Amino acid sequence: MKIVKFDDFIKNKELRDKFVKKILNISEKKIFFLLKEERLYNIMFSEFSKNISCAIDLLKKYAKQIRKNAKVLESEFNTLGYKLMFGGTDNHLLLIDAVTSKGISGAEAEKALDIAGITVNKNMIPDDARSAMDPSGIRLGTPALTTRGFKEEEMKLVAEFIDRALTNSKNEAVLSEIKAEVKKLNEKFPLYPELHNQ
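Throughout what follows, the structure given in this document is the object of discussion. Since the model is a prediction, treat every value here as computed from it, not as a measurement.

## With respect to the overall build of the protein chain
Counting its secondary structure elements, the protein chain contains ten helices and four strands. Traced from its N-terminal end to its C-terminal end, the protein chain shows the element sequence α-α-α-α-β-β-α-α-β-β-α-α-α-α. Counting every position in the protein chain, which comprises 198 residues, the buried fraction comes to 33%. Long-range contacts, defined as pairs at least 24 residues apart, comprise 56% of the intrachain contacts of the protein chain with a sequence gap of at least 6.

The structure is reproduced here in structure tokens:
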């Protein structure tokens, strides 16, 4: 990477155009339009900086909500008597001992939840006596749900769905009911709302 002095940057039109094209990721025509408009680069950089600041603020809010959602799941599962590894979570993940909590393996829990329309991963827990293909635990993450727009109230429902599914892991009728409820909840939070409004 070549370091360029600011004075050289201001004097060199080709360098400025490359920078604008690379950083702002705009097409040739848009760059031509901006240059034709005789917009000052300091204004363009100011707008770019403002957009970056807004993006950083949004990312911070998103990250905080991910963690809040994980904490709600932690609280709900503790209330329901589940054994959480490491006492809970300090990030976006929860690791639950399914064998101790519900008497089913992580693989069985993953399969039951999949039938119920909920995606989790089977996962080994510390000092797991079971194999990696049929471990004792399941791993839950909150980023995907947070991206959909789920907040604390929805996370309580998610915990309730998971508990019902694991309690009834062999009952396909109950798992189908839960799947319908999961689908109904997801419809309130479409993944790409702009596509649904066309």
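## Some points on helix α8 (residues 152-167)
With 16 residues, α8 should cover 22 Å at 1.5 Å per step; its first-to-last C-alpha distance of 23 Å lies within 8% of that length. Regarding α8, the residues found buried are E154, M155, V158, A159, F161, I162, D163, A165 and L166.

## Points about the pattern of salt bridges
A complete count under the given rule lists ten salt bridges for this structure. With a closest N to O distance of 4.0 Å, R67 and D90 form a salt bridge. Of this pair, R67 sits in helix α4 (residues 41-79) while D90 sits in the loop between β1 (83-84) and β2 (93-97), and the two are 23 residues apart along the sequence. Looking at R67, the relative accessible area reads 39%, which means it is partly exposed. For D90, a relative accessible area of 62% corresponds to the exposed category. For K71, the salt bridge identified is with E74, shortest N-O distance 3.1 Å. On the criterion of helical spacing, the pair formed by K71 and E74 is a turn pair, its members being three residues apart in helix α4. Judged by its relative accessible area of 13%, E74 is buried. Via salt bridges that share partners, R67, K71, E74 and D90 belong to a single interconnected network.

## Comments concerning the environment of A144
With respect to the secondary-structure elements, A144 resides in helix α7 (residues 143-148). Distance in space between the C-alpha atoms of A144 and I66 is 8.9 Å, their sequence separation being 78 residues.

## Concerning the sheet that holds β2
Strands sit in the order β1-β2-β4-β3 across an open sheet of four strands; the sheet is antiparallel. Across the chains shown, the open sheet's two edge strands, defined by having one partner strand only, are β1 and β3 (121-123). Of the pairings in the sheet, the one linking β3 to strand β4 (residues 137-141) comprises three bridges and is antiparallel in character. From the neighbouring strand, N123 faces β4, where its bridge partner is G137. Contacts from helix α6 (residues 106-115) reach β3 and β4 within the one sheet, and its direction differs from that of β4 by about 45°.

## Let's talk about helix α9 (residues 172-188)
For α9, with 17 residues, the first-to-last C-alpha span of 25 Å sits near the 24 Å given by 1.5 Å per residue. All of the buried residues in α9 are V174, L175, I178, V182 and L185. Looking straight down α9, one finds that the buried residues subtend no more than 95° of arc, so they occupy a single side. Opposite the buried face of α9, at more than 90 degrees from it, the exposed residues are E172, K183, K184 and E187. In the core, the buried residues of α9 are packed alongside α6 and α8. With a side-chain oxygen lying 3.1 Å from the backbone nitrogen of A173, the N-terminal cap of α9 falls on N171.

Reading guide: rules and limits
Residues numbered from 1 in each chain as written. Predicted model: local features only at pLDDT ≥ 70, side-chain atom pairs only at ≥ 80, totals over all residues. Heavy atoms only, no water. Helix = DSSP H or I, 4+ residues; strand = E, 2+ residues; numbered from the N terminus. Buried < 20%, exposed > 50% of the residue type's maximum accessible area, 1.4 Å probe, protein only. Contact = heavy atoms within 4.5 Å. Expected span 1.5 Å × (residues − 1). Salt bridge = Lys/Arg side-chain N within 4 Å of Asp/Glu carboxyl O. Pairing = 2+ DSSP bridges. Axes fitted to C-alpha atoms, helices over the stretch in contact; angles between N-to-C directions. Arc of directions from axis to C-beta. Polar contact = N/O pair within 3.5 Å; in protein donor to acceptor, adjacent residues only side chain to side chain.

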